[in-house]
Amino acid sequence: MGGLTLWTYDWVPEGAPPRGFVRDLRLRWACEEAGLAYEVRTVPFEGRATNHLARQPFGQVPFLDDAGLQIFESGAGLLHLARKSEALMPPDSTGQAETLQWTIAALNSIEMVSVPWWFLTISGAADNPLTGWMGQRLGQLEEVLAARDWLAAGHFTVADLLMADVLRVPQVRAFGERPASEAYVARLTDRPAFRKAQADQMRLFAAADAARAGNAAG
Ligand SMILES: N[C@@H](CCC(=O)N[C@@H](CS)C(=O)NCC(=O)O)C(=O)O
């Protein structure tokens, strides 16, 4: 209970979202960027609809524990972590306002379209009714990213971390021609902190596969 604990599932199937995209990665990545020590603990994937509702009322992951303070929603967790480190959010009020604004924009103006669009796309909908809305939002963001390298404060912040995580979904990257957005995602996901966070998540689920295979065999 003394430090930071990030909670995720003990295992996830290969699929949607694929491994490497489970949202605990956002919190891992932020901790890595900020040099914050953390441990990762898990709740069972099986029975997730009911087995941790006291910690996450929608049965989802991630959630966060900071010395007994409990926080769910990846965006809330990121903003909590951002208050701990200038590597994630600058101390000045203008920089903080910009960071908050773009963090919320990633969730509420881009992800609120991209997730349902993605879901309909992978469900095989012949005519995805969200395509026009999706194209408009990503086009507007492309104009922003064509004009600058970072969303807030003139340097990397947690807003970039979150926006890049929203945009890096393969179907989103493949949707239309948006060279500035593609360069942005490539640059952000080439950061050592991202690569470590993603490798650690993949390693956790690979170990869970091995344990399940051992249990099935034995
Ligand atoms: N708005 C939530 C969404 C969390 C979310 O969708 N988590 C996925 C894993 S990436 C999940 O738990 N899915 C299982 C489910 O919804 O039952 C957040 O950002 O924390």
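Residues numbered from 1 in each chain as written. Predicted model: local features only at pLDDT ≥ 70, side-chain atom pairs only at ≥ 80, totals over all residues.

Let us look at the domain arrangement of the protein chain. Domain boundaries assigned for the protein chain yield domain 1 (4–86) and domain 2 (93–192). Taken over C-alpha atoms, the centre of domain 1 sits 21 Å from the centre of domain 2. With 10 residues of domain 1 in contact, the opposing surface of domain 2 contributes 9 residues. Elements represented by at least two residues in the side of domain 1 that touches domain 2 include exactly α1 (24–34) and α3 (74–82). Tallied by class, residues from the side of domain 1 that touches domain 2 come to 7 nonpolar, 1 polar and 2 charged. (Domains from an automatic or database assignment. Contact = placed C-beta atoms within 7 Å. Helix = DSSP H or I, 4+ residues; strand = E, 2+ residues; numbered from the N terminus. Nonpolar A, V, L, I, M, F, W, Y, C, P; charged D, E, K, R; others polar.)

Further remarks concern the sheet that holds strand β4 (residues 69–72). Taken in spatial order, the 4 strands of this open sheet run β2-β1-β3-β4, and their pairing is mixed. The open sheet terminates on both sides in strands that have one partner only, identified here as β2 (38–43) and β4. Each adjacent strand pair in this sheet contributes to an overall mean axis angle of 25 degrees, direction not counted. Judged from the 4 bridges that link them, strand β1 (residues 4–9) and strand β3 (residues 63–66) form a sheet pairing that is antiparallel. If you follow T5 over to β3, its bridge partner there is D65. This element, α1, spans β1, β2 and β3 of the sheet and lies at about 150 degrees to β1. Sheet strands in contact with α3 are β3 and β4, and its direction is about 135 degrees off that of β4. (Pairing = 2+ DSSP bridges. Axes fitted to C-alpha atoms, helices over the stretch in contact; angles between N-to-C directions.)

Around the ligand, the neighbouring residues are P17, V22, R23, R48, G59, Q60, V61, E73, S74 and G75. Taken together, the residues that form the shell around the ligand break down as 3 nonpolar, 4 polar and 3 charged. (Near = placed C-beta within 6 Å.)

Here helix α9 (residues 192–217) contains 26 residues, and its C-alpha end-to-end distance of 37 Å stays within 8% of the 38 Å for a straight helix at 1.5 Å per residue. Restricting attention to buried positions, one finds in α9 the residues F194, A197, Q201, L204 and F205. Packing partners of the buried residues in α9 comprise α1, β2 and α8 (179–188). (Expected span 1.5 Å × (residues − 1). Buried ≥ 20, exposed ≤ 12 C-beta atoms within 10 Å, placed from the backbone.)

Formed by 49 residues in total, the largest nonpolar core has its most connected members in A30, L78, A106, V158, A159, L162 and M163. In terms of residue count, the dominant contributor to this core is helix α6 (residues 158–167) (8 residues). Taken together, domain 1 (4–86) and domain 2 (93–192) each give at least three residues to this core, which thus spans both. Ignoring anything within four residues of it in the chain, the contact list for V158 reads A30, L78, A82, L88, M89, T99 and T103. (Core = buried A, V, L, I, M, F, W, Y, C linked by C-beta atoms within 7 Å.)

This next bit is on the environment of A76. Its place among the elements puts A76 in helix α3. Sequence separation of A76 and F63 is 13 residues, and the distance between their C-alpha atoms is 9.2 Å.

Taken N-terminus to C-terminus, the directions of helix α5 (residues 131–147) and α8 make an angle of 70 degrees; their axes are 7 Å apart at the nearest point. Between α5 and α8, the crossing angle belongs to the class labelled roughly perpendicular. In this structure, α5 meets α8 at a crossing whose hand is left-handed. Across from L138, L141, E142, L145 and A146 in α5, the residues of α8 making contact are A180, S181 and Y184. Looking at the contact of α5 with α8 residue by residue, the classes come out as 6 nonpolar, 1 polar and 1 charged. (Parallel < 35°, antiparallel > 145°, perpendicular 65-115°, else oblique. Left-handed = near helix turned anticlockwise from the far one by under 90°.)

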